[in-house]
Amino acid sequence: MAGGTLRMMLQDRRAIVTGAATGIGRATSLRLARVGAHVVVNYRGSDAEADDVVAQIRDAGGQALAVQADISREGDVAELFAASADAFGGPADLLVNNAGIESRHPLLELELDDWQQVLDVNLTGPFLCSRAFARALVAADAPGAIVNVSSVHEEIPWPGFAHYCASKGGMKLFTGTIARELAPHRIRVTSVAPGAIRTPINQELIDDPDKRADVERQIPWGRMGEPEEIAAAIAWLASDEASYVTGTTLFVDGGMTQYPGVT
Ligand code: NAD
C-alpha cells in the first residue's frame, strides 16, 4: 500500500495509544505520527521512555503528548481522555488498546492477585478506554476506529498463561460485540493478533538463544516479528483503507497460528 495513501487517510487523526512508551505501542505511536496523526502517548511508570517517543515525533515535525495513566483504573482513564480532548481540541477518533502484561503461573500456582492483575490491565483496561472513547465520539456524532492489540493466544492455548489467554480470548469477543454495537455510530473495532515479537515483554526469550530458537521453530516464517511490523498493520486497520473491516482479528504472526509444530 502506498505510504502516500495512508498519509492522506491518517492526516490529522487524533490517536490515543495505550502503553505507548515501549515495544509495539512505541512503534505504533511513531508510525501513526509519521503518517500524519496527532498522538497521545499513554504510559505508566517512569517518564523517560514516553518523553523520548514524544521528542522523536516532535523532532520529525509531528504533534504528540505524553499522558501518564494506569488504564486499569477508571479515574485514570477519565483523566487520560480529558487530557487528550484538551490537547486535541475535541475527542480522539482513533484508540489503540495496546497496553498489556503477562506473567508465567501454571494454574496450580496461579494466585488470585496474579489472575486479577492480568485481567485488569489486558481486558478491563480496553473496556474502560473503549467506553470512554465511544461515549465521546457518539456524543460528537463523529466516526472513528478502535484497534485492540490481542495475541495469537486469543486462539492458541498456552500452558502457564491461563490468565493471559483468558484476557486475550475475552478480547476477541469483546471486539466482535462492541463492533456490532458501534457500527451504527460509524466506529469500527478490530484486533491485531501478534505472534512472537521482539519487545521488552519477551526480553528473557530474546536474551536466551536456545529458548529463542525453540520459539522460532514454531514460526513458519522462521524469525520473531519486529514491533514495526505490528505497527504497520495497526496503521492500516486504523485508516479508511480498511473502511469495510470491523469485528475481526488480523493475525500478524509469521504463520504461527498455522500450527507448524503439528506434523
Ligand atoms: P511491552 O511490555 O513493551 O509493552 C507493554 C506496555 O504496556 C508497557 O509500556 C507497559 O508499561 C504498559 N502498561 C502495562 N500496564 C499498564 C497500565 N496498567 N496502564 C498503562 N500502560 C501499561 O510489550 P509489547 O510486546 O509491546 O506489548 C504490547 C501488547 O502486545 C500487549 O497487549 C501484549 O499482550 C501484546 N502482544 C505482544 C506480543 C509479543 O510477542 N511482544 C505478542 C502478542 C501480543
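Look up a bit, the structure's there.
Structural notes, computed from the coordinates. (Residues numbered from 1 in each chain as written. Predicted model: local features only at pLDDT ≥ 70, side-chain atom pairs only at ≥ 80, totals over all residues. Heavy atoms only, no water.)

1. Concerning the overall build of the protein
Then comes step 1: When helices and strands are tallied, the protein shows nine helices and seven strands.
Then comes step 2: Since a compact globule built from 263 residues should have a radius of gyration of about 18 Å, the 18 Å found for the protein is in line with a globular shape.
Then comes step 3: By principal-axis analysis of the C-alpha atoms, the protein measures approximately 50 × 40 × 40 Å.
Then comes step 4: Expressed as a percentage of the 263 residues in the protein, the buried residues total 48%.
Then comes step 5: Residue pairs at least 24 apart in sequence account for 74% of intrachain contacts in the protein once pairs closer than 6 positions are excluded.
Then comes step 6: Distance between charge centroids for the protein: 6 Å, based on 22 positive and 34 negative side chains. (Helix = DSSP H or I, 4+ residues; strand = E, 2+ residues; numbered from the N terminus. Rg over C-alpha atoms; globule rule 2.2 N^0.38 Å. Buried < 20%, exposed > 50% of the residue type's maximum accessible area, 1.4 Å probe, protein only. Contact = heavy atoms within 4.5 Å. Lys, Arg positive; Asp, Glu negative; His and termini not counted. Charge placed at Lys NZ, Arg CZ, Asp CG, Glu CD.)

2. A short note on the packing of helix 2 (residues 23–34) against helix 3 (residues 47–59)
Axes are the key here: two packed helices are described by the angle between their axes and the distance separating the axes.
Then comes step 1: Look at helix 2 against helix 3: their axes get within 10 Å of each other, and the N-to-C directions meet at 20°. By the angle class used here, helix 2 and helix 3 are roughly parallel. Relative to helix 3, the crossing made by helix 2 is right-handed. Here Arg26, Ser29, Leu30 and Ala33 of helix 2 lie close against helix 3, whose contacting residues are Asp52, Val53, Gln56 and Ile57.
Then comes step 2: Looking at side-chain class alone, the contact of helix 2 with helix 3 contains four nonpolar, two polar and two charged residues. (Axes fitted to C-alpha atoms, helices over the stretch in contact; angles between N-to-C directions. Parallel < 35°, antiparallel > 145°, perpendicular 65-115°, else oblique. Left-handed = near helix turned anticlockwise from the far one by under 90°. Nonpolar A, V, L, I, M, F, W, Y, C, P; charged D, E, K, R; others polar.)

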